[in-house]
Amino acid sequence: MEDTWLVLDGCGCDEMMRGGNMETEKDTLILAIESSCDETAAAVVKNGRTVLSNVISSQIALHTIYGGVVPEIASRKHVEKINQVISEALKEAKVELCGIDAIGVTYGPGLVGALLVGVAQAKAIAFAAKKPLVGVHHIEGHVSANYIENPELEPPFLCLVVSGGHTHLVLVKDYGVYEVIGRTHDDAAGEAYDKVARAIGLGYPGGPKVDALAKEGDPHAILFPRAHIEGAPFDFSFSGLKSAVLNYLNTCEMKNEPVRRADVAASFQQAVVDVLVGRTVEAAEKYCMGKVALAGGVASNSALREAMQKACDSRGLKFYRPSPLLCTDNAAMIGTAAYYEYKKGVRSGLDLNAVPNLKIGER
Ligand code: KG4
Ligand code: ZN
C-alpha cells in the first residue's frame, strides 16, 4: 500500500496570520478522529453542527470472515489507514491543518489497541501543529450526532443510546452534561442482534442483516420474552431474550421442524423494539422530557425508528434521530461533541490515554 503523509506545515500560514481573516476567525473548525472499534474515521466539523467532511474506512469486510471484530487486526488496520483518512478529511473539507482550531479524538470506551491508534495520532498532530486537543467519550459522540441534522435541537432531552457495547437511557441536561437513568444488566442491544444473527446463520455484522430479514417475517409468529427488572424501571436485560431464541432454535432442531428464519428475526426484533420504545417513552413522561432522541448503531434499525416515531407522535413528544450513516461509528459526531467541550474550555493534555471502559460523564 502506498504511504500517505500528513503535511503539518505545508500551507505557509500560522495562527497569527489567520487572525487577519475575519471570515474564518468567527468559525470554529474541529478535526475529529475516531478509531474505537472497526471504523477508521476522520471529519472536519464547523461550529459543531456543519459537517465539512466525514471520511469512514470500514473494516467490516475484513472481520466478517471471523464472525466478529478481531481486536489485533482492528488496531493494525487503523495504523495502516489513519493517515490516509485524515488527509482525505482535510482535503474534502478544503482546509489545511493550520486552519483547524482543535483536534477532537475518541479516547474511550472501546478496544484499547484501536483507541490508542487514534489517540496517538491526535496527540502527534496537536503537538506538531500546536493545536489544542480535546478527548471525547465515544457515547457522548453518538448522542451529539443528533445535533448535526437538527439545528434546532438543544438540551435538555432524553436519549436512548443503543450500540454494540451500550444500551443506556440518558438525560442530556446540557451540552456535555449527562445523567444515565437506565442501562443494560447484561448484553447490549446491538450485541443481542449480533448473537441472534450468528445463531440463525446471518453472520457479522448482525444488526443490519436481522433488520433486513425481519421485513420478510411475522413479528408475532413467536412470543419471545420482554424482561423487566425489579426496582429498576428503566434498565434493560437482553440475555434472557437471546437464550430464548437459542432454545427455540434447539427445540426446532430436536423436533426436526423447519425454522422460518425471517419469523425468528422479526419476532426477536419485535421483542427488542417493544422494550426499548416502551421504556423510553415511560422515562420521557416520568422526567417530563418533551424531546426524545436515538443514538448508536442500533438507532439505524428501521423497526425501532418507526416504532419510536409512532410512540412519540401519539404522546406529543418531539422525536429526533440521526440519519443511518451518522448512527454507526463516524468522526463527525466526535467533532460535534468536541466542539461543545472546546467551547466550554475543556482541553486534554499530551498525556491523554485510551480508557477502554470510560464511563459516560467522566473525564
Ligand atoms: O455504534 P456502533 O456503530 O458501534 C459501537 O459503538 O458499538 O454500533 C454497532 C452495532 C452492532 O451491534 C450492529 O449490529 C448494530 O449496531 N447495528 C444494527 C443496525 N445497524 C447496526 N442493529 C440493528 N439494526 C440495524 N439496522
Ligand atoms: Zn459506536
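Look a little higher up for the structure.
Residues numbered from 1 in each chain as written. Chains lettered and ligands numbered in written order. Predicted model: local features only at pLDDT ≥ 70, side-chain atom pairs only at ≥ 80, totals over all residues. Heavy atoms only, no water.

Asker: How should I be thinking about helix α5 (residues 112-129) in this particular structure?
Answerer: Each α-helix turn comprises 3.6 residues. Residues three or four places apart therefore point the same way. Helix length check: α5, at 18 residues, gives a terminal C-alpha distance of 25 Å against a target of 26 Å (1.5 Å per residue), a fit within 8%. As for α5, its buried residues are in contact with β1 (29-34), α4 (71-93), β4 (102-108) and β5 (133-137). Lys 130 sits one or two residues past α5 and shows a positive phi near 55 degrees. (Helix = DSSP H or I, 4+ residues; strand = E, 2+ residues; numbered from the N terminus. Expected span 1.5 Å × (residues − 1). Contact = heavy atoms within 4.5 Å.)

Asker: Explain the site of ligand 1 here, please?
Answerer: His 142, Gly 164, Asp 194, Gly 207 and Asp 211 are the nearest of the 18 residues found near ligand 1. Note that an oxygen atom of ligand 1 is positioned 2.7 Å from one of the side-chain N or O atoms of Asp 194. Between a nitrogen atom of ligand 1 and a side-chain N or O atom of Asp 211, the distance comes to 2.9 Å. For ligand 1, the protein covers 87% of the area, taking 550 Å² as the surface of the free molecule. Only α6 (138-149), α7 (189-199) and α8 (206-214) provide two or more residues apiece to the shell around ligand 1. (Near = heavy atom within 4 Å. Polar contact = N/O pair within 3.5 Å; in protein donor to acceptor, adjacent residues only side chain to side chain. Areas by Shrake-Rupley, 256 points an atom, 1.4 Å probe, with all protein chains shown as cover.)

Asker: Please explain the coordination of the zinc ion (ligand 2) as it appears in this structure.
Answerer: Metal coordination angles in their ideal form are 109.5 degrees for the four-donor tetrahedron and 90 or 180 degrees for the six-donor octahedron. Distances from the zinc ion (ligand 2) to its protein donors, namely His 138 (NE2), His 142 (NE2) and Asp 329 (OD), fall within the range 2.0 Å. In terms of primary sequence, the donors binding the zinc ion (ligand 2) are separated according to H-x3-H-x186-D. Residue His 138 and its partner His 142 are both found in helix α6; the two are separated by four residues, about one turn of the helix. Residue His 138 shares its accessibility class with His 142, and that shared class is buried. (Donors = N, O, S within 2.8 Å, 3.2 Å for Na, K, Ca; no water. Buried < 20%, exposed > 50% of the residue type's maximum accessible area, 1.4 Å probe, protein only.)

Asker: Can you walk me through the pairing of strand β3 (residues 50-58) in this structure?
Answerer: Looking down a regular strand, the side chains alternate between one sheet face and the other. Of the strand pairs in this sheet, strand β2 (residues 39-46) and β3 are connected by eight bridges, and their pairing is antiparallel. For Val 45, the partnering residue across the bridge sits in β3 and is Val 51. In sequence, β2 turns back onto β3 through a hairpin of three residues, with Asn 47 there showing a positive phi of about 50 degrees. (Pairing = 2+ DSSP bridges.)

Asker: Looking at this model, I keep getting lost on the packing of aromatic side chains. Mind explaining?
Answerer: Here the distance between the centres and the angle between the planes together describe a pair of aromatic rings. Following the criterion strictly, the structure yields nine aromatic pairs and no others. Summarising the aromatic geometry, the rings of Tyr 147 and Phe 157 are spaced 6.0 Å apart at their centres and angled 85 degrees between planes, so their arrangement reads as edge-to-face. Residue Tyr 147 is located in helix α6, and its partner Phe 157 is located in strand β6 (residues 157-162); the two are separated by 10 residues in the primary sequence. Phe 157 shares its class with Tyr 147; the two are buried. Their ring planes at 85 degrees and their centres at 4.9 Å tell us that Tyr 339 and Tyr 340 sit as a pair that is edge-to-face. Here Tyr 339 falls in the buried class, since its relative accessible area comes to 12%. Connected via pairs of aromatic rings, a cluster forms that spans Tyr 147, Phe 157, Tyr 175, Tyr 339 and Tyr 340. Geometry around Tyr 320 places Lys 318 over its ring, the cationic atom sitting 5.0 Å from the centre. (Phe/Tyr/Trp six-rings, centres within 6.5 Å; stacked < 30°, edge-to-face > 60°. Lys NZ or Arg CZ within 6 Å of the ring centre and 35° of its normal.)

Asker: I keep staring at the packing of α4 against α5 and nothing clicks. Help me out?
Answerer: When two helices pack together, their arrangement is given by the angle between the helix axes and the distance between those axes. Running from amino to carboxyl end, α4 crosses α5 at an angle of 35 degrees, the nearest separation of the two axes being 9 Å. Note on packing geometry: the crossing formed by α4 with α5 is right-handed. Along its contact with α4, which presents Ser 75, His 78, Val 79, Ile 82, Asn 83 and Ile 86, the element α5 presents Gly 113, Ala 114, Val 117, Gly 118, Gln 121 and Ile 125. Here the contact of α4 with α5 is built from residues that sort into six nonpolar, six polar and no charged. (Axes fitted to C-alpha atoms, helices over the stretch in contact; angles between N-to-C directions. Left-handed = near helix turned anticlockwise from the far one by under 90°. Nonpolar A, V, L, I, M, F, W, Y, C, P; charged D, E, K, R; others polar.)

Asker: Teacher, can you tell me more about the side chain of Ser 36 here?
Answerer: With respect to the helices and strands, the residue Ser 36 is situated in the loop between β1 and β2. Of note is the side chain of Ser 36, whose polar atom sits 2.6 Å from the side chain of Glu 34. Residues contacting Ser 36, with those up to four places away along its chain left out, are Thr 106, Pro 109, Gly 110, Leu 111, Ala 114, Leu 115, His 138 and Asp 329.

Nothing here speaks to function; it is all geometry.
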